[in-house]
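# Summary of the model geometry
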Amino acid sequence: MEIAEHLTPVLHRIAAMSPDLGDDPVLAASLVENVTSMLADAHRHYASGHDASITSDTLIADEHLATGALHAERMQHPAGAMLAAEVLFDEYLPVFVAEVGATTLDELLRASRALHAGIWRRFPAGAIAYTEALRQRVTTANLDSRAHIARDLHDRVAHGILAGLQRIDLALLTDPPAPERTAQLEAAAAQLRRALGDVQNLAVALHARVGDDLLDAALARHVADLFPDTEHVTIESHGTPSVLVNWRAEESLTILLEALSNWWKHARDAAVRVVFTWTDDTVTITVQDDGPGFDQAKRVGGRLGQSTMRERAALVGATLDVVSAPGAGTTVTLVVPEGAL
């Protein structure tokens, strides 16, 4: 079976419809390799006697993800690949029928389905890989922006607050004011110190990176940086931890750090327990403190930053639940899917 001979005009037509393929030798080589592989799959599908053209059980097979990643790298939209698939099916179906020797109606139907299966099974995986590669780019850009903001908070805002504190301290030491003014200056200094701590913690949180760590290990690392002088935070992990995709792990870490930052603001003298529960499909994280809690029926400005946390959770397909009551502490529950989709 000389596939290359019959395939040449089809490849020329596809290349004519997508000029970028001809200008990019890597994409052109990928096209030939994938089309040849598709047709080989179609022949195997026909020879096996399968009548179905549905191949959903292999739509995200690892061996088909590389093509989508390559297209994303070259900024080739999946629609171009779909158009090429239509051309291939339309042009090659008569050739394929002749190659397999289909003559009866049943054989012709089986040949059509086999060719469809051989071609189609590549494209969902390719589109998924393309989307994942682009989403990774967005995540990287977002993290870079956050790192830039964190540097500015640390190098500019925090240093400005520190300079103001130093001037107040210097005034108190070198030119003692009246007692009532001293109390006012000391109160202002205390407020500035709290603001400085908040800015420093925000800078650390914005600069959050999971990196190669598991989510629970990354959280433990950031807790040690953010709250080095407290023994009130405990972190537990149950089940078998797994690596989350980067964009999902980073957003989850940010949500958890926000929950802990709110514990620090409102209940830092109370114990807080973080529990990771890993299953095959999800990881459930609870952040539970023994603090004063709050009335959820009352809208308190800035309380828990719930809207932002929920928005972040929705972005990664996670769910967020907050339960609290006066005198009963607060529990934040985040459920994150572990898959790539």
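Here, the structure is the one placed above.
Residues numbered from 1 in each chain as written. Predicted model: local features only at pLDDT ≥ 70, side-chain atom pairs only at ≥ 80, totals over all residues. Heavy atoms only, no water.

## Concerning the environment of Glu 86
Position of Glu 86 among the secondary structure elements: in helix H5 (residues 78-100). Note on Glu 86: relative accessible area 55%, which makes it exposed. It is 9.6 Å that separates the C-alpha atoms of Glu 86 and His 116, two residues lying 30 residues apart in sequence. (Helix = DSSP H or I, 4+ residues; strand = E, 2+ residues; numbered from the N terminus. Buried < 20%, exposed > 50% of the residue type's maximum accessible area, 1.4 Å probe, protein only.)

## Quick notes on the environment of Glu 107
Take Glu 107: it is sitting in helix H6 (residues 105-120). Here the alpha-carbon distance between Glu 107 and Gly 49, two residues 58 residues apart in the chain, equals 9.7 Å. For Glu 107, the contacting residues outside a window of four places in its chain are Tyr 46, Gly 101 and Ala 102. At 2.8 Å, the side chain of Glu 107 and the backbone nitrogen of Thr 103 are in polar contact. (Contact = heavy atoms within 4.5 Å. Polar contact = N/O pair within 3.5 Å; in protein donor to acceptor, adjacent residues only side chain to side chain.)

## Some remarks on the side chain of Asp 216
Locating Asp 216 in the fold gives a position in helix H9 (residues 215-226). Despite its burial, Asp 216 remains without a salt bridge, the nearest opposite charge being carried by Arg 221 at 9.7 Å. (Lys, Arg positive; Asp, Glu negative; His and termini not counted. Salt bridge = Lys/Arg side-chain N within 4 Å of Asp/Glu carboxyl O.)

## Points about the packing of aromatic side chains
Per the stated rule, a full pass over the model turns up 5 aromatic pairs. Between the aromatic rings of Trp 263 and Trp 264, the centroid separation amounts to 5.7 Å while the plane-to-plane angle is 55 degrees, which identifies the pairing as tilted. Judged by relative accessible area, which is 2%, Trp 263 ranks as buried. Look at Trp 264 and you get partly exposed, because its relative accessible area is 22%. The interplanar angle of 10 degrees and the centroid separation of 6.1 Å between the aromatic rings of Phe 276 and Trp 278 together place this pair among those described as stacked. Residues Phe 276 and Trp 278 agree in their burial class; the two are buried. Here the guanidinium or amino end of Arg 110 rests over the ring plane of Tyr 46, the centre of that ring lying 4.1 Å away. (Phe/Tyr/Trp six-rings, centres within 6.5 Å; stacked < 30°, edge-to-face > 60°. Lys NZ or Arg CZ within 6 Å of the ring centre and 35° of its normal.)

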